[in-house]
Amino acid sequence: MSEENRQTDENSQIEETVNTAGRRSLDFSDLSPIKIVRGVLIFLCVLLIVGVWFRINPADSSPSSATEPDADGEQVTPTPEPTALPVELTDPNSVTVLVNKTHSLPADFVPASLVTPYVLSISDVIQVNALAADQLKAMVNAANESGVTLYLTAGYISYETQDDYFEDRAGMVGEAEANKVIAKAGFSEHQTGLAFDFSDNASGTATTVAFAETDAGKWLIAHAHEYGFIMRYPEGKESITGYSYQPWHFRYLGADVTKAMHEISPDLTMEEYYKVN
């Protein structure tokens, strides 16, 4: 190849390289705004999707923070749905069934097995739930061996009888006052046959707060949990139980439960232990 041709080819290659670079530079400058716009649009779409998701699924979706309009269009906080209780607290035949001012028993409920406990009592007709009978006798016998006499003054009470008790009390002191010391029919633990009232005398006259200062009352406070019983309405827990202090009233729950409760606090209530109202 001649020197002239070689020079021509080199010039052609240089020109082609320059043109290619120019085209690349031109293409980049032409497409760059498009890419930027496209990126911005994609970013905005992502923000929109995220915003819609958080709108549908807010971070704090608890009932206390959620609001809804009422009939007048005002934003109000809806009443939260009550938490379902476990079966052992709702089954009337369960030894730990919860009965209080907000959790009741069917009017026709009668324990599956009622027995006479054959312990000292103010009446021969007192019956108790068979689930608690053996431990009731064991506790009364243990107290007797310690020189303390326990008299059973109440065990199972039917719906109808409880209704009569409440109406009689309300007739004397008014319903509001009666409600502090006696349960309405259907809301009484005595209907389970697992609640017991005690006295230190055969006349049954010790059903007052003074019972706590008797030998019988002190013994029960110290030892009832060992046999599966708790003082159901302790002093200072009126706002939790809904009832005034009743040191004569005990509830059977089973020793495993009551010992665990006593380890937490000697005067722990069912509501506190099970974290319910």
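Going by the structure above, here's the rest.
Residues numbered from 1 in each chain as written. Predicted model: local features only at pLDDT ≥ 70, side-chain atom pairs only at ≥ 80, totals over all residues. Heavy atoms only, no water.

A. Examining helix α4 (residues 159-173) more closely. Between the first and last C-alpha of α4 there are 21 Å, a value that for 15 residues agrees with the 21 Å anticipated at 1.5 Å per step. Residues of α4 that are buried include every one of Gln-162, Phe-166 and Ala-170, and no others. Down the axis of α4, the smallest arc covering the buried residues is 65 degrees, so these residues share one side. Away from its buried face, by an angle of more than 90 degrees, α4 presents the exposed residues Glu-160, Gly-171 and Met-172. In this structure, the buried side of α4 is in contact with α5 (175-181). One or two steps after α4, the chain reaches Gly-174, where phi turns positive at roughly 95 degrees. (Helix = DSSP H or I, 4+ residues; strand = E, 2+ residues; numbered from the N terminus. Expected span 1.5 Å × (residues − 1). Buried < 20%, exposed > 50% of the residue type's maximum accessible area, 1.4 Å probe, protein only. Arc of directions from axis to C-beta. Contact = heavy atoms within 4.5 Å.)

B. View of a nonpolar patch on the surface. Together, Leu-41, Phe-43, Leu-44 and Leu-47 make up an exposed nonpolar region whose accessible area comes to about 410 Å². Structurally, Leu-47 can be placed in helix α1 (residues 3-56). The exposure class assigned to Leu-47 is partly exposed, which follows from its relative accessible area of 47%. (Patch = residues over 30% accessible without salt bridge, like charges linked within 9 Å, V, L, I, M, F, W, Y side chains within 5 Å. Areas by Shrake-Rupley, 256 points an atom, 1.4 Å probe, with all protein chains shown as cover. Salt bridge = Lys/Arg side-chain N within 4 Å of Asp/Glu carboxyl O.)

C. Molecular detail of the packing of aromatic side chains. Tallying each qualifying case throughout the model produces six aromatic pairs. A centroid spacing of 4.8 Å and a plane angle of 40 degrees characterise the contact between Tyr-233 and Tyr-243, whose relative ring orientation is tilted. Linking Tyr-233 in strand β7 (residues 229-233) with Tyr-243 in the loop between α7 (238-241) and β8 (246-252), this pair joins segments that are ten residues apart in sequence. The burial state of Tyr-233 is the same as that of Tyr-243; both residues are buried. (Phe/Tyr/Trp six-rings, centres within 6.5 Å; stacked < 30°, edge-to-face > 60°.)

D. Fine view of the side chain of Ser-199. Looking at where Ser-199 falls in the secondary structure, it is placed in strand β6 (residues 195-199). Side-chain polar atoms of Ser-199 contact the backbone nitrogen of Asn-201, separated by 3.1 Å. (Polar contact = N/O pair within 3.5 Å; in protein donor to acceptor, adjacent residues only side chain to side chain.)

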